[in-house]
Each structure stands twice: as structure tokens, then as C-alpha cells.
Amino acid sequence: MKPYYLLPVLFLLCTACKKDKQEQGNIQVTFKNVVNGVPLVLNTAPYTNANGETFTVTTFKYYISNISLIKMDNSELRVPDSYFLVDENTAASKTITFNAPVGEYRAVAFKIGVDSIRNVSGAQTGALDPVNGMFWSWNSGYIMAKMEGTSPASTAPGQTLTFHIGGFKGNFNAVQDVNLVSPISLTVGLERRPQLTITADLYTWFTGVNLVKFSENSAIHVPGELAWKISTNYRYMFRITDVTDL
Amino acid sequence: MTKYLIYAGCLFLLIWSCRRNGDVRPGTQPYTLELPSNFPAPVYDMSWNPLTVQGVALGRRLFYDPRLSRDSTISCGFCHQQFAAFAHFDHPLSHGIDNRTGLRSVPGLFNLIWQKDFMWDGGVNHLEVQPLTPITDPNEMGEDLARLISRLNADQKYRGLFRDAFGEGEINSQKLFKALAQFMATMNSFNSKYDSVMRHAPGVQFTAEEAGGYATFQAKCASCHKEPLFTDGSFRNNGLPYNPYLHDAGRMRITNSTGDYLKFKVPSLRNVIKSPPYMHDGRFYDLFDVFLHYSENIEQTPTIDPLVKNRIPLSNQEQRELYLFLNTLTDPGFINSKSLSEVLITD
């Protein structure tokens, strides 16, 4: 018996596990943090929340992860291993670049925060390194987004504001999905890199679905209902405000 | 002949192309972990952190290095003493830098790869991130993680050891935690007299009193302290009177659920004779106090566990036999293991 016909089958099997080598370009996103439309400047001018309480901001950080690109036919293409920590205090962190296969896309989707799998997978590195101060050690899990500041309305010592939003389990999962349709389609080529500006408005954290009054709530540092409520507010904080597609 | 070679070649390519990148790094020797046949499969997935001789040795050095703490006084091994099955002998509450005292007792460290969560309240969900809590807790080692990582990177000896275990590149927290996890994965206790009896080792059997204690254990303790790990890993309120000085809500702190008020993890009973004091706050120095608690002093609260609610009466004879049975859970090979003992760090 000479089962030569098995040869092509084996060959197919061998190549089946080979990684696809589609031509890759990339996309650059710059995050611009604002408060009610006014550019955010840390530790300075006071802003006013929807409840009329003034406040300043000392820290503003959030995770952007699980980026997907939506093709013109609405199919979704995942950007593997995409985890970024945007930190207002670090200029370099506010511009992120990720690989994208050559093609045309109509929208960008991502999660605010870190998916549940990475919350339970042990020691991580890069943006997810706990050295970044975005990981709760006593109750394992990532802080998805963090805002700290001060407000005369706060009853906490030093009139501080501490909003550490996290939790990836059950009813109060604070990981939020965002889908942003681009005003023009994004064409990724070998020589062509779309550059997006996404504006994040901190004002949304405390208004929208759930009004947050600093006089009543000035600190969150555990997962739970309050953290989740703020996450349902801030899932609407992003807008694509500029696209350069050259 | 040629075509067989081609088939063999294709098969090799097939396996090669689908392989997982969990292999041991070149230049390291794989560490063979001996596991007992009568235990379930480990929870900790070592294919993501393959044990190597170099990695385990590095983890052991880190475990015993007091420089992991803010003022270089407290190592992991300071509280986790080998002779006490890596609990803190004679200390009801954990100790830390600056004479600080923690909220709970030091749990023994063994069979951690079978544990799905850690700490008395189960707040830590993975063996690798477990050390982050004691290292950064102000009541324990009180160090800032970023400072620790830069200190390790500035240390020539550690740079070499990390390179040997994990390859070139900066030391980061992931490498630190993986090294510690590798050492902790080797802290396993399964060679007590009890184990020998269960495996029908020639010439080993329980004495009449030990056998009587085992029967009592199976009837009155084994549903929570489930064999062979001697814990079912659950969280329960075992009726300890509330300690107003500690204000410890237990598992409720993690879940925010009032149903978890005063619940703590069921600890393993392996090596229990070696690791007093007992309970999450170390309130009992003697096992007979523990027996007395279960047989007479259960405090009724809304979250009391149904299995202890009506108390667990234990006669004097049952208590004595139970003690002698629990003594068979001591694993001298583990407690005296040369591969787990303290390393003196002079450089």
C-alpha cells in the first residue's frame, strides 16, 4: 500500500498552524483629556461637576484594552494583546500605536479597563504590571480607571476625591465596552497610517446615568455598586474628535 | 524508506508548528516536581511558568531575603517558618516592619499549587500575585513595588540570577513573582504517616487510638477539612466569638455580601500540631482549646455554618484520639526538607 494521498493532507496539517502573514500597517490614537470640553490640566484651575461642585484633578488614568477594528462590512478584527494605560501625567502614554492589517475600517472598539481573564491570570507585565499602581493586592484585580483630586464639597480628610474604579465579577463588572464610529473611514496602508484623536471627558464620570455628588461620595476604593455606577457613566466619555488619514 | 522519512518529517513539523511556547528556556535545567498520586490535579498551571532549577533557587533566595521589605528587616521566611510548616510559631497575629502588627495570623505555606485563592478571606486569586500583598502591605513588608524592582535591578547578584532563570532584560515584577511562585510550587507536604497509611506503605499502620481518631475525624471534621488536602477550600463561619478589637468581617470584605460576614477560609489540617496558634486570629494556642470551641462554645450569628451550628460534641476520649490522629498529619520530611530551608544571604 502506498498512501501517497496522505502527503498533501499532512502538508495541509503542517501549514494549518502556521501564523498568517498579512501585511501590517498601524494606527495611531492620541487621547486628549478634557473636563466638560475644557482641556484637563492637573493640579490647577478648578472645574465644576454637574452638581455644581468645584474640584481639581491630581490624577487621571485609565486602561484601554482589547482593541478591535470594525471593517466596512461590520466584521470585527481583534488587535491581539492590546493593553494600554493612558495617564494624564505621562505625555508619552497618551499616544498609542497598534498594528492593523492593511485595509479599510469604519470604527474602533475597545474596553475601558482590563478583561476578566487578565484579572485572574497571575503576574503580568507592560501596561498591566502592578508597578503602575493600578492593581488591588488585597482583593486581586485591576483598577480600570482612576481619578483623584480635591473638592471643597468633599467630606474626606484633606477634602480629597479618590475614585478608583474596578471590579470584574458578577453584577458589578466595571469593564465597559466602547464603540466609536469614525467620521471618515480609516484606510491602513503600508505607507498610510490613520491618526485619530479621541477626546475623553472626565465630566461624564459624575453625570449621565448616575449623578454623583461629591458631598455624598468622595471616595471609592473597592469594587461594587458605586464603582460600577461610575463606569456606566464614563463609558460615554470618549469621542473621536479628529482623524488624519494620510 | 524515503517516504517514511517524509512522513516522520511532516509529523515532526506538525507537532513543532503547533507547540506551545511553554518550554523551558535554553540554558536552564528543568526542575522535576514530585507530585502525589492520590491528590487532584494542581490548580496552578505550571505550563505558563515552567519550573527550572535556576528559577526555584532564585525564588528561594528571594523568599529568605529581608531586603524585599522597606527597611530590610523582614523576609517572607521571617513569618513563614519552616519548622512551623511555614506558619509563624507562637504568634497569634502577623508581625511586620516598624513593630507593626497585622489583623490575622500567618497561614502555613504548603500545597499552594492546589489552592484556588489565597489569604484567610480568599481575596487573592492567583499564586503569582499572592506575594504582592505581604510585600506592599504597610503592616507586613511595607515596600513600594517600583522601589523594590529598581533595587533588584541595581543589585549585580540579582541581575545575574534573574538572567540565569529568565533570560536577558530588565528585572520586572512578573519575573519576581514567577520566581517566587516557582519556589512556592515546591513547598508540598504529602509524606506524613497518614499518607503512608493511605498508600499502604509496608509496615505502616495507625495505632488503635490513631485509627479511632481517624474515625472521629471522618465522622465530625472531614466535610470541611476534606481529604486529601484536609480543606475543601471554602469559606465558613465556624462560630468563633466576634473579636471587637480586630473588627474583622472576613470574606465579606472581599465580596461585599453580608452573607459572607465572619466567614474565613477553612485551613488545611496538615502539619497542624506544628503550627499553633490556631484560627484566623491565632486565638487558640492548643488544639484542645479548638476541640472545646467546637464542642461547647459556638457563637450563634446569622451566617453560622450549618455544620457547626448545633456544635460538634467531642468526648474526652474522642478528643485524645483526634489529637493523636492529627499528629499523623505531620510531615517531617517537609518540615526538615533541605531544599526548602533558609538560605543565608551574604551578598
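Residues numbered from 1 in each chain as written. Chains lettered and ligands numbered in written order. Predicted model: local features only at pLDDT ≥ 70, side-chain atom pairs only at ≥ 80, totals over all residues. Heavy atoms only, no water.

1. Points about helix 11 (residues 287-296) of chain B
The complete set of buried residues in helix 11 of chain B reads L287, V290, F291, H293, Y294 and S295 of chain B. Two or three places before F288 of chain B, at the opening of helix 11 of chain B, D286 of chain B has a side-chain oxygen 2.8 Å from that residue's backbone nitrogen. (Buried < 20%, exposed > 50% of the residue type's maximum accessible area, 1.4 Å probe, protein only. Helix = DSSP H or I, 4+ residues; strand = E, 2+ residues; numbered from the N terminus. Polar contact = N/O pair within 3.5 Å; in protein donor to acceptor, adjacent residues only side chain to side chain.)

2. A look at the domain arrangement of chain B
Residues and elements named next belong to chain B. Each domain of chain B was delimited in the assignment, giving domain 1 (46-189) and domain 2 (193-330). In this structure, domain 1 and domain 2 have C-alpha centres spaced 27 Å apart. Taken together, the contact between domain 1 and domain 2 spans 26 residues of the former and 24 residues of the latter. A combined buried area of about 2,000 Å² lies between domain 1 and domain 2, and 55% of that area is made up of carbon and sulfur atoms. Among the residues of domain 1 in contact with domain 2, L103, W120 and D121 are the three that bury the most area, contributing 30% of the side total. If you look at where domain 1 meets domain 2, you find three salt bridges. A salt bridge links D117 to K265; the shortest N-O distance between them is 2.8 Å. Our enumeration of links across domain 1 and domain 2 arrives at ten residue pairs in polar contact (both at pLDDT 80 or more). (Domains from an automatic or database assignment. Contact = heavy atoms within 4.5 Å. Buried area = accessible area lost by both parts, 1.4 Å probe. Salt bridge = Lys/Arg side-chain N within 4 Å of Asp/Glu carboxyl O.)

3. Re helix 13 (residues 316-327) of chain B
All names here are of chain B. Along its twelve residues, helix 13 runs 17 Å from first to last C-alpha, staying within 8% of the 16 Å computed at 1.5 Å per residue. If you check which residues of helix 13 are buried, you get Q319, E321, L322, F325 and L326. Lining the buried residues of helix 13 we find helix 8 (193-198), helix 9 (208-220) and helix 11. (Expected span 1.5 Å × (residues − 1).)

4. A closer look at the packing of aromatic side chains
For the structure shown, the criterion picks out 40 aromatic pairs over all chains. Each member of the aromatic cluster is reached from another via a ring pair, and the members are F31, Y47, F55, F60, Y62, F110, F163, W205, F206, F214, Y234 and F238 of chain A. Seen from the ring of Y158 of chain B, R61 of chain B lies directly overhead, with NZ or CZ sitting 4.7 Å from the centre. In this arrangement the basic side chain of R251 of chain B is found over the ring face of F235 of chain B, its NZ or CZ atom lying 4.1 Å from the centre. (Phe/Tyr/Trp six-rings, centres within 6.5 Å; stacked < 30°, edge-to-face > 60°. Lys NZ or Arg CZ within 6 Å of the ring centre and 35° of its normal.)

5. Some words on the pairing of strand 4 (residues 54-71) of chain A
Residue and element names in this part refer to chain A. Burial within strand 4 is extensive, with 15 of its 18 residues counted as buried. As judged from the two bridges shared by strand 3 (residues 47-48) and strand 4, these two strands associate in the antiparallel manner. In the strand pairing of strand 4, T48 is matched with T54. Linking strand 3 to strand 4, which pair antiparallel, is a turn of five residues; within it G52 sits at a positive phi near 80 degrees. Summarising the sheet, strand 4 and strand 6 (residues 83-87) pair through five bridges and their orientation is antiparallel. Bridge pairing in strand 6 places Y62 opposite V86. When strand 4 meets strand 5 (residues 76-78), the two strands line up antiparallel, connected through three bridges. (Pairing = 2+ DSSP bridges.)

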